[in-house]
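Spelled out, the chains give:
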Amino acid sequence: MNHTVLTGDRPTGPLHLGHYFGTLANRVRLQDIHQMFVLVADYQVIIDRDLPGRIQANIDDLLLDYLAVGIDPGKVTIFQHSAIPELNQLLLPFLSLVSVAELQRNPTVKDEIAHSSQSAVSGLMFTYPVHQAADILFCKGTLVPVGKDQLPHVEVTRLVARRFNERYGPVFPVPEAMMGDAPLLHGLDGGKMSKSRGNAITLKASEDETAALIRGARTDADRHITYDPESRPEVANLLTLAGLCLGRAPEEIAEEIGYGGAARLKGMLTEAVNEFLRPIRKRRSEVDLAEARQVLREGNARARERAVRTLEEVRQAMGF
Ligand code: ATP
Ligand code: MG
């Protein structure tokens, strides 16, 4: 089947291993087979952050990370929210298709509120999943490679697509989510690896920074290393990370370390991560930033054309 693939990231900081194994690896694989759009979700930054003076630097970081992991601008349209006002216009009818109760019971939104450093929760916190429906449906996306935290949001998109079609006639496909090898990678503190939670190994970190981060990871006192996600989640998480980077089973790595303790585990993990990221980091240092920005400008123009067409279709279906 021929898919239109849509996925994206917030420019809230450099990408990390959770992104890589959660979604980036799938994107690189899918770009050869399907039409693909990748979104720099800059309007989503203001859900829970002040628009930092760093927004441009964060967008640059994202572009460099994309090109470093092998997203090919010859095959993929990379674009940003703020360049496509039609997305905001799609938001309005889409918002009318979901209830306040549905917005309020979204488990990812609840989790993000629980971890937010802001004292007041913005209205956008509750409505951004519907904005995401516009992101996916403007290009008639059918496949969305995401981490597990995004599943409730893709569900919102499916709901919006179905309800729009029922009310106004068939305009949208109902997209599917696709999860990667690590749908929910944990960070060095045991919680979801997130840009905003200070617990991530970023793709662009230096080898020394990586070593220092892993040295500080939480473990336990038992010198016998075993893979037991239920009773030893922190140790299991480090083994999972090593396994992903080495393409090996975490149980097997645990057995090899045996009674070597956390120090041996961390040493091995550091080596595995640095080895795995070395070619990505090398490519990243070779990307020309001016060219990367040009890729985004061209992507914006292509995405905008698509959005204008879809909005026109939507207005016609609605009788405007
Ligand atoms: P922030 O903390 O600013 O929200 P984030 O680390 O959660 O940043 P996003 O930009 O929100 O990153 O997510 C981009 C994509 O990466 C989404 O598809 C999300 O599901 C996926 N992703 C993010 N973190 C992880 C993780 N720890 N494991 C697997 N996938 C992840
Ligand atoms: Mg997030």
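Remember, predicted model here, so these are calculated numbers, not experimental data. (Residues numbered from 1 in each chain as written. Chains lettered and ligands numbered in written order. Predicted model: local features only at pLDDT ≥ 70, side-chain atom pairs only at ≥ 80, totals over all residues.)

A. Summary view of the overall build of the chain. Of the regular secondary structure elements, the chain holds 12 helices and five strands. Here the chain has a C-alpha radius of gyration of 21 Å; the compact-globule value for 320 residues is 20 Å, and the two agree. Principal-axis analysis of the C-alpha atoms places the extent of the chain at approximately 70 × 45 × 40 Å. Within the chain, the fraction of its 320 residues that count as buried is 42%. Long-range contacts, defined as pairs at least 24 residues apart, comprise 77% of the intrachain contacts of the chain with a sequence gap of at least 6. (Helix = DSSP H or I, 4+ residues; strand = E, 2+ residues; numbered from the N terminus. Rg over C-alpha atoms; globule rule 2.2 N^0.38 Å. Buried ≥ 20, exposed ≤ 12 C-beta atoms within 10 Å, placed from the backbone. Contact = placed C-beta atoms within 7 Å.)

B. Quick look at the packing of helix α2 (residues 55–69) against helix α12 (residues 289–318). Their axes nearest at 10 Å, the elements α2 and α12 cross at an angle of 95 degrees. Of the possible angle classes, the one that applies to α2 and α12 is roughly perpendicular. Two secondary-structure elements touch here, α2 through D60, L63, L64 and L67 and α12 through L289, A292, R293, V295 and L296. Residue composition of the contact of α2 with α12, grouped by class: seven nonpolar, no polar and two charged. (Axes fitted to C-alpha atoms, helices over the stretch in contact; angles between N-to-C directions. Parallel < 35°, antiparallel > 145°, perpendicular 65-115°, else oblique. Nonpolar A, V, L, I, M, F, W, Y, C, P; charged D, E, K, R; others polar.)

C. The site of ligand 1, seen in detail. Around ligand 1 sit 20 residues, and of these T12, G18, G22, G147 and S196 come closest. Sort the elements by how many residues they give to the shell around ligand 1 and helix α1 (residues 17–30) lands first, with four residues. Considering only residue class, the shell around ligand 1 consists of six nonpolar, nine polar and five charged. (Near = placed C-beta within 6 Å.)

D. Molecular detail of the domain arrangement of the chain. Domain assignment breaks the chain into domain 1 (4–184 + 289–318) and domain 2 (205–284). In this structure, domain 1 and domain 2 have C-alpha centres spaced 31 Å apart. Domain 1 puts eight residues into the contact, and the matching count from domain 2 is five residues. Taken together, the elements giving at least two residues each to the side of domain 1 that touches domain 2 come down to α1 and α2. The element that contributes the greatest number of residues to the side of domain 1 that touches domain 2 is α2, accounting for four residues. Along the lines of polarity and charge, the residues of the side of domain 1 that touches domain 2 split into six nonpolar, no polar and two charged. (Domains from an automatic or database assignment.)

E. Highlighting the pairing of strand β1 (residues 4–9). Taken across its six residues, β1 has five buried, putting it largely inside the fold. Of the pairings in the sheet, the one linking β1 to strand β2 (residues 35–40) comprises six bridges and is parallel in character. What sits directly across from T7, in β2, is V38. (Pairing = 2+ DSSP bridges.)

F. How the structure looks around unusual backbone geometry. In this model, K140 sits at a positive phi of 55 degrees, which is unusual for a non-glycine residue. Note that K140 resides in the loop between α6 (123–137) and β4 (143–145). The exposure class of K140 is partly exposed, given the 18 C-beta atoms found within 10 Å.

G. Structural context of the confidence of the model for the chain. Averaged over all residues, the pLDDT of the chain equals 96, while 100% of them reach at least 70. In the predicted complex, the global pTM is 0.95; the interface-specific ipTM is 0.97. (pLDDT = per-residue confidence, 0-100.)

H. Highlighting the packing of helix α5 (residues 107–115) against α6. Taken N-terminus to C-terminus, the directions of α5 and α6 make an angle of 145 degrees; their axes are 10 Å apart at the nearest point. Helix-helix and strand crossings are classified by hand; for α5 and α6 the assignment is right-handed. Here V109, E112 and I113 of α5 lie close against α6, whose contacting residues are M125, F126 and P129. In the contact of α5 with α6, the residues fall into five nonpolar, no polar and one charged. (Left-handed = near helix turned anticlockwise from the far one by under 90°.)

I. Spotlight on α1. Here α1 contains 14 residues, and its C-alpha end-to-end distance of 19 Å stays within 8% of the 20 Å for a straight helix at 1.5 Å per residue. Largest kink in α1: about 45 degrees, centred on T23. Counting buried positions over the 14 residues of α1 gives 10, a clear majority of the element. Where α1 is buried, its residues contact β1, β2, α2, β4, β5 (176–178) and α9 (233–246). (Expected span 1.5 Å × (residues − 1). Bend = angle between axes of the 7 residues up to and from the residue.)

J. Structural view of the environment of E112. Mapping E112 onto the fold places it in helix α5. Given 18 C-beta atoms within a 10 Å radius, E112 is considered partly exposed. A C-alpha to C-alpha distance of 21 Å links E112 and Y20, two positions 92 residues apart in sequence. Not counting residues up to four positions away in its chain, the partners in contact with E112 are D48 and M125.

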